[in-house]
Amino acid sequence: MKSKITLQTLLIFLVTTTVLIAQQSFSPSTGGPVDVPRNEGACISDELRIQIKERIAQNRAQLAAEGRLQPINTEGNHPLFAWPVDQANGFGYNEVWSLTNYVDHNSAFPNQISDYDCGTRSYDTNSGYNHQGFDVINWPFWWKQMDLNQGINVAGADGQIIDKNDGSFDRNCAFNNDMPNYVALQHADGSVTWYLHMKEGGLTSKNIGDTVTQGEFLGVIGSSGSSTAPHLHFEVYDNNDNLIDPSIGSCNTLNSDSWWIDQKPYYTPAVNAVLTHTGFPDFGTCPTTETTNESNQFDLGDQVYYGVYLKDQRAGTQINLKITRPDSTILFEWDFDLVDDLQISYWMWNFPNDMTGEWTWEATYMGETATHTFNVGVLGTEENPLADTSLFPNPVSNELRVISDAIIAKIAVHDIVGREVYVKNSENAGIDRIDFPNVPNGVYFVSLFSTESESKTIKIIKN
């Protein structure tokens, strides 16, 4: 006897099948926690810390003898810091950092940790070392960011450079006792900030004795000295050389008020990037640069891999994800439940595209939306020649460096009204840096031309 298929039965079957497919499709293709590289010992040894302080004392004495040491007002208020990590101009991540360690206030017992908020976001060693600063890593893709000079250190407050070290190897993967590349600033009240572990050759061109302003470029985040991955170690001392924890909380035993303009929450959950890929990223092993497989250009029908990169993922929260076609119709929109507390994480889905034009991939988390566009079947602006070419530092004072896979044969600099103020040609060897022209502070446009007749223009600020 044949079974009778009614319209109602068929509809139930179709609806049930659709739900099952949707549930299967919207489970991540890959993703989860990413291991944060951990130091095996002191970020900076007691011996190196003493050595740096001795260098600072000598530099202060020399600057004072030359009449170049900035006056110190010990009666004035301590500085209030802006966040010391930023993204260099020309890149499109939503954020480029994740905080991994705070100052450890538990000095009584090794391996017992208490940060300013009475938590355990810090570390120490069996020898009794207490972490004495803030550690902030590049995320996502710490080695790629370092290679492209994407994640940078900036001055937390106005100050004078009172010590600087460059030339140390910058791709360390383990604890050692090597001197890091760093900049130390002295502020108006005599307090001092240290910016450690920078990329070799990636420091500001300014010298000891020069002044910087809040937010000014100091160097590229690197992994020099005792370091297991590119990160900033930010350390603060008051005008009596007492260690300071700039964040205030019930377990801060060092100072009674915050040293931040706007102290960040203990956790800072956010989307660092939404990206599209041709396949899953390979994070590799230290110090190999990650194979990210990022792409903003696809052919019709290609499988697109959609990645979302989070910091401080919180259990019990939800992220809304949406893929929009060029005609503004929605391919998919769904909510993804986050079930674990993770310091850094990523999640990926893959779907074939079905329309040419510019697509939009976006993620909304904790009320903030990060958006990424990509192209199918048509060349997008981000895939133009020299798309991966960048300049740093920006703002620039003296030397301007060029990062490019192409051979740059010519560089021309124009002011804001179009007048050419500088030009350099070098067809054979290529150009990897220029001495920025002696021109007034302001906005300039740097045009780069490759040996393959490709070109790109980048806005630069001279200060």
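This text follows the structure it describes.
This structure is a prediction, so every number in the text was calculated from the model and none was measured.

What counts and how
Per chain, residues are indexed from 1 in the order of the written sequence. Residues qualify for local features only when their pLDDT is at least 70, as the model is predicted, and side-chain atom pairs are given and counted only at 80 or more; totals for whole chains, interfaces and linings, by contrast, use all residues. Think of the side-chain values as coming from all heavy atoms in the structure, minus any hydrogens and water. Pairs of cysteine sulfur atoms within 2.5 Å are identified as disulfides in what follows. The helix count covers DSSP runs of H or I at least four residues long, the strand count covers runs of E at least two residues long, and both are numbered beginning at the N terminus. Partly exposed describes any residue whose relative accessible area lies between the buried limit of under 20% and the exposed limit of over 50%, with all areas from a 1.4 Å probe on protein chains only and scaled to the type maximum. Should DSSP find at least two bridges between two strands, the strands are taken to pair. To obtain an axis, a line is fitted to C-alpha atoms, over the contacting stretch when the element is a helix, and the angle between two such axes runs from 0 to 180 degrees between their N-to-C directions. Lining residues are defined by having an atom within 4 Å of a point belonging to a cavity or pocket. Those points lie on a 1 Å grid over the protein atoms alone, cavities being sets where a 1.4 Å probe fits but cannot get out and pockets being open sets with protein on both sides within 12 Å along at least five of seven lines. Grid points are joined across faces, edges and corners, and a volume is the space filled by probe spheres set on the points. Three classes are used, and their members are as follows: Ala, Val, Leu, Ile, Met, Phe, Trp, Tyr, Cys and Pro are nonpolar, Asp, Glu, Lys and Arg are charged, and the others, Gly among them, are polar. For this analysis, a salt bridge means a side-chain nitrogen from Lys or Arg found within 4 Å of a carboxyl oxygen belonging to Asp or Glu. Side-chain rings of Phe, Tyr and Trp (the six-membered ring for Trp) are treated as a pair once their centres are within 6.5 Å; stacked means planes under 30 degrees apart, edge-to-face means over 60, and tilted covers the remaining angles. Either the NZ atom of lysine or the CZ atom of arginine qualifies as a charge over a ring when it sits within 6 Å of the ring centre and within 35 degrees of the ring normal.

**What to know about the state of the cysteines**
Right, on to step 1. Enumeration over the complete set of coordinates arrives at 2 disulfides.
Right, on to step 2. Between the sulfur atoms of C173 and its disulfide partner C286 the distance amounts to 2.0 Å. Its torsion about the S-S bond being -90 degrees, the disulfide of C173 and C286 is classed as left-handed. Taken together, the residues span a long stretch of sequence, with C173 in the loop between strand 6 (159-165) and strand 7 (182-186) and C286 in the loop between strand 14 (270-277) and strand 15 (297-298) at a distance of 113 residues.
Right, on to step 3. Here C173 falls in the partly exposed class, since its relative accessible area comes to 30%.
Right, on to step 4. With its disulfide-bonded cysteines labelled consecutively along the sequence, the chain is connected as 1-3, 2-4.

**Section: the sheet that holds strand 24 (residues 408-415)**
Right, on to step 1. Spatial ordering of the open sheet is given by 25-24-27-28, a layout of 4 strands whose pairing is antiparallel. For this open sheet the edge positions go to strand 25 (420-425) and strand 28 (455-462), each flanked by a neighbour on one side alone. In this sheet, adjacent strand axes meet at a mean angle of 20 degrees when their direction is disregarded.
Right, on to step 2. Sheet analysis places strand 27 (residues 442-450) next to strand 28, joined by 8 bridges and oriented antiparallel. Residue pairing for strand 28: V446 is matched across the bridge by I458.

**Side note on the layout of surface pockets**
Right, on to step 1. Considered as a void within the structure, the second largest pocket measures approximately 200 Å³ in volume.
Right, on to step 2. Of the residues forming the lining of the second largest pocket, the biggest block, 3 residues, is contributed by strand 21 (residues 368-376).
Right, on to step 3. Class assignment of the residues belonging to the lining of the second largest pocket gives a composition of 9 nonpolar, 3 polar and 4 charged.

**Notes on empty space enclosed by the protein**
Right, on to step 1. Scanning the model with the defined rule gives 4 cavities of 30 Å³ or more in all.
Right, on to step 2. Of the pockets and cavities examined, the largest cavity occupies roughly 110 Å³.
Right, on to step 3. As for the largest cavity, its lining consists of 12 residues, and the residues nearest its centre are P37, T100, N101, D135 and T228.
Right, on to step 4. Put simply, the parts of the chain that give the lining of the largest cavity at least two residues each are strand 3 (97-101) and strand 4 (134-138).
Right, on to step 5. Split into classes, the residues belonging to the lining of the largest cavity amount to 5 nonpolar, 5 polar and 2 charged.

**Some words on the pairing of strand 12 (residues 231-237)**
Remark: a regular strand shows side chains that alternate across the two faces of the sheet.
Right, on to step 1. The buried fraction of strand 12 amounts to 7 of the 7 residues, a majority that puts the element mostly inside the structure.
Right, on to step 2. Neither face of strand 12 is open: one carries H231, H233, E235 and Y237, the other L232, F234 and V236, and all of them are buried.
Right, on to step 3. With 4 bridges joining them, strand 4 and strand 12 adopt antiparallel strand pairing. Directly across from D135, in strand 12, lies its bridge partner H233.
Right, on to step 4. The sheet contact formed by strand 8 (residues 192-196) and strand 12 spans 5 bridges and is antiparallel. Looking at the pairing, V192 lines up with Y237 of strand 12.

**A few points about the sheet that holds strand 1 (residues 30-33)**
Right, on to step 1. Strand order in this open sheet of 4 strands is 1-19-16-14, and the pairing throughout is antiparallel. A strand with exactly one partner marks an edge of an open sheet, and here the two such strands are strand 1 and strand 14. On average, adjacent strands in this sheet sit at an angle of 15 degrees to one another, irrespective of strand direction.
Right, on to step 2. As paired elements, strand 16 (residues 303-313) and strand 19 (residues 342-352) share 10 bridges and run antiparallel to each other.

**What to know about the pattern of salt bridges**
A pair can form between side chains of opposite charge whenever their charged atoms are brought close.
Right, on to step 1. This structure, assessed with the given rule, holds 15 salt bridges.
Right, on to step 2. R171 serves as the salt-bridge partner of D147, at 2.8 Å between the closest nitrogen and oxygen. With D147 in helix 3 (residues 142-147) and R171 in the loop between strand 6 and strand 7, the pair connects residues that are 24 residues apart, well separated along the chain.
Right, on to step 3. The partly exposed category is assigned to D147, whose relative accessible area is 26%.
Right, on to step 4. In this structure, E216 and K206 form a salt bridge, with 2.8 Å as the shortest nitrogen-oxygen distance. Taken together, the positions of E216 in the loop between strand 10 (211-212) and strand 11 (217-221) and K206 in the loop between strand 9 (198-203) and strand 10 put the pair 10 residues apart, joining distant regions of the chain.
Right, on to step 5. Under the relative-accessibility criterion, K206 is labelled buried at 14%.
Right, on to step 6. Counted as one network, the salt bridges with shared partners bring together E399, R401, D432 and R433.

**A closer look at the packing of aromatic side chains**
Right, on to step 1. For the structure shown, the criterion picks out 38 aromatic pairs.
Right, on to step 2. Aromatic pair F234 and W260: ring centres 6.0 Å apart, planes at 35 degrees, arrangement tilted. Note that F234 is positioned in strand 12 and W260 in the loop between strand 13 (243-244) and strand 14, a separation of 26 residues in sequence. For the residue pair F234 and W260, the accessibility class agrees, reading buried in each case.
Right, on to step 3. When the ring of W334 is compared with that of F351, the centres are 5.9 Å apart and the planes differ by 75 degrees; the resulting orientation is edge-to-face. With W334 in strand 18 (residues 330-338) and F351 in strand 19, the pair connects residues that are 17 residues apart, well separated along the chain. Exposure class is identical for W334 and F351. Each is buried.
Right, on to step 4. Positioned over the ring face of W97 is K311, at 3.0 Å from the centre of the ring.
Right, on to step 5. The residue whose ring lies beneath K410 is F449, and the NZ or CZ to ring-centre distance is 5.4 Å.

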